[in-house]
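What follows is the residue order along each chain.
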Amino acid sequence: MTAEREVTDTPSVLADPVEAVPERTHRWGFGAFLFVFAIFVLTAVMIGAFVGAFFPNAGPSPTVIVVGTVVPTVVAACVTLLVTKLRGNGPRIDLRWSMRGEDIRAGFKWGFIGLLVTTLAAFVWTSVVGEQNAQSAIGALVDNQRMPIGPAITLFLFVWLIGPVCEELIYRGLLWGALERLKWGRWAVFCLTTVIFAVSHLEPLRTSLLLVIGIPIGLARLFSGRLGASIVAHQVNNFLPALAVLLVALGVMPA
């Protein structure tokens, strides 16, 4: 074997085995994603209305911040799972949800790549728009807001571990599967889910940064063919932002 052949046969460090996409047999489609997103928005609006009606002077209290951040996303994720149970074959088959060794390895790889890329992108973005405008919605909520340790840790665990699971179920599970059912090509599915993921955060100033954040997470889903890899990648990517939220909320680090 020649040296040239040996180089050619060496796998790329970025390569993941791509599983063949099985034929979609579920009965839900893009409408299911729109329904879940509507549930997310409606839940957030109802929480805001409830707080405004019964606790008009509560302001951004720790309880309001945690409930308003956690509940809409968790409710939407639960509805996603229910859709796959009632209209399909369950999340393991319909959403390609698994957590095998190869999923974890691929997730860590793409997560660390994403962490490097998004840290650089966040630095550039902050220098362009200013530190205050570059804050995430959660970061803005805990800005100059000292929180008790219980709510602060709850928020940390949600941003780091729970939120990524919920968001991946919705965007690179339900939405991804809906587009595959419409016979979209895998790269088209990757591009559209990444764009919708960024826009659906409803943070217009940060949409371009969220696009950058979503790319490596989407690539983990694309190249592995499974949801577990993108969940892990999302969790790895969210660790530093979650830690920053925790330190700011506890008053250890200035906002």
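Residues numbered from 1 in each chain as written. Predicted model: local features only at pLDDT ≥ 70, side-chain atom pairs only at ≥ 80, totals over all residues. Heavy atoms only, no water.

Outline the overall build of the protein chain, supporting the account with residue identities and numerical values.
When helices and strands are tallied, the protein chain shows 10 helices and 0 strands. In the protein chain, the succession of α and β elements from N to C terminus is α-α-α-α-α-α-α-α-α-α. Within the protein chain, the fraction of its 255 residues that count as buried is 44%. Of the contacts formed within the protein chain by residues at least 6 apart in sequence, a portion of 80% connects residues at least 24 apart. (Helix = DSSP H or I, 4+ residues; strand = E, 2+ residues; numbered from the N terminus. Buried < 20%, exposed > 50% of the residue type's maximum accessible area, 1.4 Å probe, protein only. Contact = heavy atoms within 4.5 Å.)

I'd like to hear about unusual backbone geometry, residue by residue, with values.
Here Arg96, not a glycine, exhibits a phi torsion of approximately 55°, which is positive. By secondary structure assignment, the location of Arg96 is in the loop between α4 (91-94) and α5 (101-129). In this structure, Lys183 takes a positive phi of about 70° despite not being glycine. Mapping Lys183 onto the fold places it in the loop between α7 (149-181) and α8 (186-199).

If you had to explain the nonpolar core to someone new, which residues and values would you point to?
Formed by 31 residues in total, the largest nonpolar core has its most connected members in Trp28, Phe33, Tyr171 and Leu174. Looking at this core, the elements that each hand over two or more residues are α2 (30-54), α3 (62-87), α5, α7, α8, α9 (207-224) and α10 (227-249). Per-element tally for this core: the top contributor is α7, with 9 residues. Not counting the four nearest positions on each side in its chain, Leu174 is found in contact with Trp28, Ala32, Phe33, Val36, Thr80, Val83, Leu95 and Leu169. Core analysis: the second largest hydrophobic core is formed by 16 residues, Ala152, Phe156, Leu246 and Val248 among them. (Core = buried A, V, L, I, M, F, W, Y, C linked by side-chain atoms within 4.5 Å.)

Before we move on, can you summarise the confidence of the model for the protein chain with the specific residues and values?
Per-residue pLDDT for the protein chain averages 87, and the proportion of residues at 70 or more is 87%. Per-residue pLDDT, averaged within each element of the protein chain, yields its smallest value for helix α1 (residues 3-9) (43) and its largest for α8 (97). pLDDT under 50 marks residues 1-13. Its contacts with residues more than four places away, or in other chains, come to 3 contacts. (pLDDT = per-residue confidence, 0-100.)

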